Structure formats: structure tokens, C-alpha cells
Amino acid sequence: LDLNSLRVEKIWQGKWFTRALWAPDARQLIILGGPSLAGSLGQNVPRELIPNEYDTQAYLFDLSTKKFTPLTRDFDPSINNAFWSPADNNIYFVATEKSYRRLFRLNPQSKKIHPLHLPVEVIEKFSLAATKPVALWLGSSTNIPQKVYVTYLEKGQTTLLCFPGEEFFKQVKLGKVEDWNFRNKKGRVIQGRVYYPPDFDPSQRYPCLVYYYGGTMPTTREFGGRYPKNLYAAHGYVVYVLQPSGAVGFGQAFSALHVNDWGQIVAQEIITGVKKFLASHPFVDPSRVGCLGASFGGFMTMSLLTKTNIFAAAMAHAGISLIPSYWGEGYWGYAYSAIATANSYPWNRKDIYVERSPLFKADKITTPLLLLHGSVDTNVPPGESTQLFTALRILGRKVEYIQVKGQNHHILAYNQRILWTQTILAWFDKWLKKQPEWWNHLYPSP
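This text gives an overview of the structure that appears in the document. Nothing here was measured: the structure is a model prediction, and the numbers come from that model.

Parameters at a glance
- Residues numbered from 1 in each chain as written.
- Predicted model: local features only at pLDDT ≥ 70, side-chain atom pairs only at ≥ 80, totals over all residues.
- Heavy atoms only, no water.
- Helix = DSSP H or I, 4+ residues; strand = E, 2+ residues; numbered from the N terminus.
- Rg over C-alpha atoms; globule rule 2.2 N^0.38 Å.
- Buried < 20%, exposed > 50% of the residue type's maximum accessible area, 1.4 Å probe, protein only.
- Areas by Shrake-Rupley, 256 points an atom, 1.4 Å probe, with all protein chains shown as cover.
- Lys, Arg positive; Asp, Glu negative; His and termini not counted.
- Charge placed at Lys NZ, Arg CZ, Asp CG, Glu CD.
- Pairing = 2+ DSSP bridges.
- Axes fitted to C-alpha atoms, helices over the stretch in contact; angles between N-to-C directions.
- Contact = heavy atoms within 4.5 Å.

Let's talk about the overall build of the chain
What the chain contains, in helices and strands, is 11 helices and 22 strands. A globule of 446 residues ought to have a C-alpha radius of gyration of about 22 Å, and the chain, at 23 Å, matches this closely. With the C-alpha coordinates aligned to their principal axes, the bounding extent of the chain is approximately 70 × 55 × 45 Å. Within the chain, the fraction of its 446 residues that count as buried is 53%. Element-wise, carbon and sulfur atoms account for 52% of the exposed surface of the chain, whose accessible area totals about 20,600 Å². Considering the chain, the positive charge centre built from 48 side chains and the negative charge centre built from 33 side chains are found 3 Å apart.

Focus: unusual backbone geometry
Look at Ser295: it is not a glycine, yet its phi comes out positive at around 60°. By secondary structure assignment, the location of Ser295 is in the loop between strand S19 (284-294) and helix H5 (296-305). Its relative accessible area of 15% is what places Ser295 among the buried residues. Although it is not a glycine, Lys434 adopts a positive phi angle of roughly 55°. Mapped onto the secondary structure, Lys434 falls in the loop between helix H10 (414-432) and helix H11 (437-442). Judged by relative accessible area, which is 73%, Lys434 ranks as exposed.

Looking at the sheet that holds strand S16 (residues 192-195)
Overall, mixed pairing links the 8 strands, which are arranged S13-S16-S18-S17-S19-S20-S21-S22 in an open sheet. In this open sheet, the two edge strands, each paired with only one partner strand, are strand S13 (177-179) and strand S22 (399-404). Across the sheet, the mean angle separating the axes of adjacent strands is 20° when strand polarity is ignored. The pairing of strand S17 (residues 206-211) with strand S18 (residues 238-242) spans 4 bridges and is classified as parallel. Residue pairing in the sheet places Tyr211 in a bridge with Val241 of S18. Sitting on the sheet, H5 is in contact with S19, strand S20 (313-317) and strand S21 (369-374), with an inclination near 135° to S19. This element, H10, spans S17, S19, S20, S21 and S22 of the sheet and lies at about 160° to S20.

Honestly, it's all geometry; don't read function into it.
Quick look at the structure:
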């Protein structure tokens, strides 16, 4: 758009496009999008796989020739955002690398990418100065709360600007967090981590919560979040978080495993991982293991319960119980399925839409299940929980269903967020600690 004449010129038209930004000389653009944005130029997957278009790549686009140059095809991290600094003419990427979110610098001439080492595991907000190579950013780690920093990019020096929660966290004791990985049946390393209670005693036996997502995004290592593992650990749980196949940040071949899978690979990796985790952690009581996930992770909870009885209780927030109804009704259903179920539809892949839908296997579910859903969820409509709840009640299974009034896919209203978090903990206390009092207080019997 020419701001003087208001004349509009179409530069390029295509698919899997995320955003674009100007080069300082206004002769080139950085365009962010999927591996197939420029045809096969940005793809780096085996022939038998379809790229995961959520695995965001960076391309250089020449405005005079209209040609693309892939910048990150052989770069495993997935690009979250890009910045082209007029101060030093370098390109900076905030990118997801496995469960981390880090900062990288690319030299436009050499096309080489180098990491910049920062004192946190996850960059959450990032801003680049307009006239100097200086960045202002917010970040955190698994057991380090959010802090604000300034980084002088030429010198590679980082200074803490402020710690907004400093006084509060002086009163908080956090448990240790350590990595724990395993190899799946095909030899791939499946990464994970363990959150320990603050007063952990290895001679004791602890209940355990297993958290996963299983969709296209990894479960990153930021502090807190919607599913605060540190808080669960503070309530006396060992928390095991694992990152199954199919997520971005591990390279295109890894993320492509999500396409047209819908829980087959992921479920087996979660089951295998939990069994190996229990075998190597004798302080976890295998009879008191719960699982929880949301959105695609909620679908994974539902799916897992049709395949295994290793869990003593489960929670699914905004889960998908019937893939074809989500595909047709969810605000993101069709768009998400264009990637997660590429070239596959209810009429040509019943093996996915029917056989992998938990509702059609509801009779296999025997684990006590809590279903949570925002009443106005436009991403995964509440009917996805309602229909599975109906099925499990008809079958006489242990199931509860809580709708959070007026909330969408994420529970954001302050008081409702508190009650929602308490509901999750109270549910697991009831089944994994044999302490139903909290649940009965929140939801007394009529």
C-alpha cells in the first residue's frame, strides 16, 4: 500500500503464509510461513511424509525478481518471529528449538545462523530497538519466573531490567526440575522433564501427573502458564511432562509425523514413556498416576483412555471426541485439519475420522474422567465434551463434566481461572490421594 497515493499493488499470492516484514533497504522481504509456502523450496522431509505447515520457515523474497530464497530449510527450530535490524543489518529470529524458545542471528550475506545465549529457557516477549542493536525482552524457565531483560546484541551482554514478581516469589519454595528422556520403538529420542515437590523425599511414594499436548506445538519450558506444573508439584505430585513426536522445533521430519496421524504414534509414545518412567522412578506409585491435556491434548486424554488402563484418573479440557464434528463445526476445525489431516476428509479417510475418534470407543473407557470446557468455545465446540459425557453416563462410567460459563478455548477470567485450576487439583486429589473433601466442597452432591 502506497501511503501517499493509497494505490495497492499485489506482491505475491500463495498459501501457508504467516507474516512479512521489510528489509531496511525496502528491496526485500522476509516472509514467514510453512515449508510449502514456496512449493518444494522450503521442504525438508522424506518423500513419504507430508510437511507440517505449522513448522514455520523463513524466506527471503526479492521484490524485483519475485523469487524466494529459503533461509531456514536446514534449520531445525521453528520460527516464531523475525526482526531485521537497520542498526546492524542482521536478521534476528525468535525460534522454538525443541522445548526451548531462543534467539538466533542470521547474517544476510553469509546466510549463516548463530544462537545468542540468554539466561532463560523461553523468550516470551521480544522487541528490537529501531535505531540501535538492542533488544528488550521477557523470559522465564521451568523454575525461574518471568523477568525483563535488556540485551546489547553487538557485545552479547544481557542485563536484568526488572523482576516484577520478586517480592512475591521470596515467599515461594520451588522444587527441582530435571530432564528425563527415552527412546521410542523406532529409536527416536522422546524428550521430557520431571517436576519434583519442593520437599521431595525419595524414600516416600508419590502420586504422579502426566502432562502432554501431542499436537503441532511442543510443551515449552516457560514458568507457570495455563497448566502450572510447579503448582501441581507444590501440591505433592511428581509431574512428568513428555514431548511426543509431531511437534515443531525438532526438524521437519519430526513435525511431519503429526500429519494424518491423529494420536496413533503419540498415544503409544505416551504409554511407553509412562511405563518406562515408572520403572525408573520407584518413588512414584504406579497405582496413583493421572493424566491431563487440553485441546489436542484433551483429545489425547480421551484417546489414551480407550487404549490403556495405566491411569487412575484423567482430565480433558476442550478435548475432541469426534473428529468429523470438530472438522465441520470448530472455528479452527477445517483450517487445522488442512494441516493435521492434509488431503484427508470424512469421505476418504474413515480410518482416521471414525476409527480414531474416542466417541466410537467410549465403551473402552473405564478410568474416572473429568471433562472441562468453556461454554462458548469457538475452537473446539463444547459438544465435543458433551457427547462423550453423555456416552459415559449411559455406560455407567465415572465421569464429571464442568462447563465454565462465558469462557472460550482458554479460561481467562480471573476468578473462573482460579476455580478451574482448583477443580483440576481437587479432581486428582480425590482419585489419586483418596482425599475427596476439596472436590465435595467445590461440587457438593445435590
